[in-house]
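Listed below, chain by chain, are the residues.
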Amino acid sequence: MSLLSVIVPCYNEEENVALFYAELIRNVSFLEEKNMELEILYIDDGSKDRTAEEVKKLREKDSRVHLLSFSRNFGKEAAMYAGLENAKGDYVVLMDADLQDPPALLPEMFSYMEQGCDSVATRRVSRKGEPPVRSFFARIFYRLMKKISKTEIMDGARDYRLMSRQMVDAILSMKEYNRFTKGIFGWVGFETKWIEYENVERARGETKWNFWKLFLYSLDGITAFSTVPLMLSSVLGLVFCLIAFLMILFIIVRKFLFGDPVSGWPSLVCIILMTSGVQFFCTGILGQYLAKMYMEVKHRPIYVVKEKV
Ligand code: UDP
Ligand code: MG
């Protein structure tokens, strides 16, 4: 008998745990026809509310429900990794607890797996209900990533994805500390079928991501999957050398034609400010990569388990 593992990262989702379970069960009747089993892994990412208790309540009724609690909040990336590591399934699917990843898509996704795909991924074609500023910057991020990274990262891609065991093992073999799963999916390759759907708003509770958090996460994505920013300082250096060279020419020619009146103080200040700004910016980029490397070489565990049931 083959097994489907459903991984659900939860951070303060007490209201959604049972809702999600009910909605999932309603949509997985196709498993019986295929003679398959199910396991549901709730990863409690250090929730401060009653998320863990809610999961335990479900477990009393249904032994297919499992809970892994972290000792603190490690972030969704860590929760997804923990889920993949603990899933035993021949097929594994990652889903948000807030029902923004509709379980109703599962039967269709599964049918593509049977046709021989290694993975079925989902993307939102609309961003209805999301703040416009957020959508705007998200677009810019994906467009930038397309230019500066060799790894394919699809605009609007969700983490909602059904994968074969082979692909899960490939993802688990990437043990990096700074995880950007959307990039990792693309990096490992395999044949992926994309399913599109309209954005669904979260069932209960509030989003855990504010603008600043998303901004930092996008920087994680860039540093994890592109080294192009590191080249930026060399390019800017060259550009500034060229400008300096042209200016020297200009000054020499002017000196011979018109003499040398003492002026140009404001322009000098502008140039100094501008170049030192660029220098700081480039040092900052170096710092970003250095910081990531520093965290990486420490080899810290990606998550710490408090309880496993
Ligand atoms: N999540 C998590 N750890 C965190 C933040 C979020 O496990 O630190 C989970 C959260 O419980 C939800 C999923 O990740 O199941 C997506 O989070 P959310 O709905 O807040 O993000 P959004 O859908 O607004 O991008
Ligand atoms: Mg959500």
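A brief report on the enclosed structure follows. (Residues numbered from 1 in each chain as written. Chains lettered and ligands numbered in written order. Predicted model: local features only at pLDDT ≥ 70, side-chain atom pairs only at ≥ 80, totals over all residues. Heavy atoms only, no water.)

### Describing the overall build of the protein
Then, number 1: Check the secondary structure of the protein and you find eleven helices and eight strands.
Then, number 2: Computed over the C-alpha atoms, the radius of gyration of the protein is 25 Å, more than 25% above the 19 Å expected from 2.2 N^0.38 for a compact globule of 309 residues.
Then, number 3: In terms of principal-axis extent, the alpha carbons of the protein reach across some 90 × 40 × 40 Å.
Then, number 4: Evaluated residue by residue, the protein yields a buried proportion of 43% over its 309 residues.
Then, number 5: Residue pairs in contact within the protein that sit at least 24 positions apart in sequence constitute 83% of those at least 6 positions apart.
Then, number 6: When the accessible surface of the protein is split by element, carbon and sulfur atoms take 62% of a total near 17300 Å². (Helix = DSSP H or I, 4+ residues; strand = E, 2+ residues; numbered from the N terminus. Rg over C-alpha atoms; globule rule 2.2 N^0.38 Å. Buried < 20%, exposed > 50% of the residue type's maximum accessible area, 1.4 Å probe, protein only. Contact = heavy atoms within 4.5 Å. Areas by Shrake-Rupley, 256 points an atom, 1.4 Å probe, with all protein chains shown as cover.)

### Some thoughts on the coordination of the magnesium ion (ligand 2)
Then, number 1: Coordination of the magnesium ion (ligand 2) by the protein involves Asp98 (OD) and Gln100 (OE1), with metal-donor separations of 1.9 Å.
Then, number 2: With relative accessibility at 4%, the residue Asp98 sits in the buried group.
Then, number 3: Exposure remark for Gln100: the relative accessible area of 16% places this residue in the buried category. (Donors = N, O, S within 2.8 Å, 3.2 Å for Na, K, Ca; no water.)

### Re the sheet that holds strand 8 (residues 305-308)
The pairing of strands in a sheet happens through backbone hydrogen bonds and is either parallel or antiparallel.
Then, number 1: Pairing within the open sheet is mixed, and its eight strands lie in the order 7-5-6-4-1-2-3-8. Strand pairing shows two members of the sheet lacking a second neighbour, strand 7 (192-197) and strand 8, which therefore form its edges. Strand after strand, the sheet turns through a mean of 20° between neighbouring axes, direction not considered.
Then, number 2: The pairing of strand 4 (residues 91-94) with strand 6 (residues 157-164) spans four bridges and is antiparallel. Each residue of the ladder has a partner; that of Tyr91, found in strand 6, is Ser164. (Pairing = 2+ DSSP bridges. Axes fitted to C-alpha atoms, helices over the stretch in contact; angles between N-to-C directions.)

### Some points on a nonpolar patch on the surface
Then, number 1: Taken together, the side chains of Val133, Phe136, Phe137, Ile140, Phe211, Trp212, Phe215 and Leu216 present a nonpolar region at the surface, about 800 Å² in accessible area.
Then, number 2: For the nonpolar patch, the secondary structure elements donating two or more residues are helix 6 (132-148) and helix 9 (211-225).
Then, number 3: Along the chain, the position of Ile140 falls in helix 6. (Patch = residues over 30% accessible without salt bridge, like charges linked within 9 Å, V, L, I, M, F, W, Y side chains within 5 Å. Salt bridge = Lys/Arg side-chain N within 4 Å of Asp/Glu carboxyl O.)

### Quick look at the environment of Gly183
Then, number 1: Here Gly183 is to be found in helix 8 (residues 181-188).
Then, number 2: Gly183 sits 32 residues away from Thr151 along the chain, and the two C-alpha atoms are 6.5 Å apart.
Then, number 3: When sequence neighbours within four positions are dropped, the list of residues in contact with Gly183 reads Thr151, Ile153 and Phe225.

### Concerning the state of the cysteines
Here, disulfide denotes a covalent bond that connects the sulfur atoms of two cysteines.
Then, number 1: Evaluated as defined, the whole model comprises zero disulfides.
Then, number 2: Between Cys282, a cysteine without a disulfide, and Cys241, which holds the nearest cysteine sulfur, the sulfur-to-sulfur distance is 12 Å.
Then, number 3: According to the relative accessible area criterion, Cys282 is buried, its value standing at 10%. (Disulfide = S-S within 2.5 Å.)

### Re the site of ligand 1
Then, number 1: Near ligand 1 you find 16 residues, and of these Glu13, Asp45, Asp98, Gln100 and Thr207 are the closest.
Then, number 2: The contact in question runs from an oxygen atom of ligand 1 to an N or O atom on the side chain of Arg202, over 2.7 Å.
Then, number 3: Bound to the protein, ligand 1 loses 91% of the 530 Å² it would expose on its own.
Then, number 4: Class assignment of the residues belonging to the shell around ligand 1 gives a composition of five nonpolar, four polar and seven charged. (Near = heavy atom within 4 Å. Polar contact = N/O pair within 3.5 Å; in protein donor to acceptor, adjacent residues only side chain to side chain. Nonpolar A, V, L, I, M, F, W, Y, C, P; charged D, E, K, R; others polar.)

### Here's the deal with the nonpolar core
Then, number 1: Ranked by internal contacts, the top residues of the largest apolar core, which has 36 residues, are Leu4, Val6, Tyr42 and Leu106.
Then, number 2: With five residues, the single largest contributor to this core is helix 5 (residues 106-114).
Then, number 3: In contact with Tyr42, not counting residues within four places along its chain, are Val8, Cys10, Val17, Phe20, Tyr21, Val55, Leu58, Val65, His66, Leu67 and Leu68.
Then, number 4: Within the second largest apolar cluster, 35 residues are counted, among which are Tyr81, Leu94, Ile302 and Tyr303. (Core = buried A, V, L, I, M, F, W, Y, C linked by side-chain atoms within 4.5 Å.)

### What about the packing of aromatic side chains?
For any pair of aromatic rings, geometry is given as the distance between the ring centres together with the angle between the planes.
Then, number 1: Counted by the stated rule, this structure contains 14 aromatic pairs.
Then, number 2: Where Trp212 meets Phe215, the ring centres are 5.6 Å apart and the plane angle is 25°; that geometry is what we call stacked. Separated by three residues within a single helix, Trp212 and Phe215 lie in helix 9, roughly one turn from each other.
Then, number 3: On the basis of relative accessible area, Trp212 is assigned to the exposed category, the value being 56%.
Then, number 4: An aromatic cluster is present here, built from Phe141, Tyr142, Phe180, Trp209, Tyr217 and Phe225 joined pairwise through their rings.
Then, number 5: Over the ring of Phe74 we find Arg72; its NZ or CZ atom is 3.9 Å from the centre of that ring. (Phe/Tyr/Trp six-rings, centres within 6.5 Å; stacked < 30°, edge-to-face > 60°. Lys NZ or Arg CZ within 6 Å of the ring centre and 35° of its normal.)

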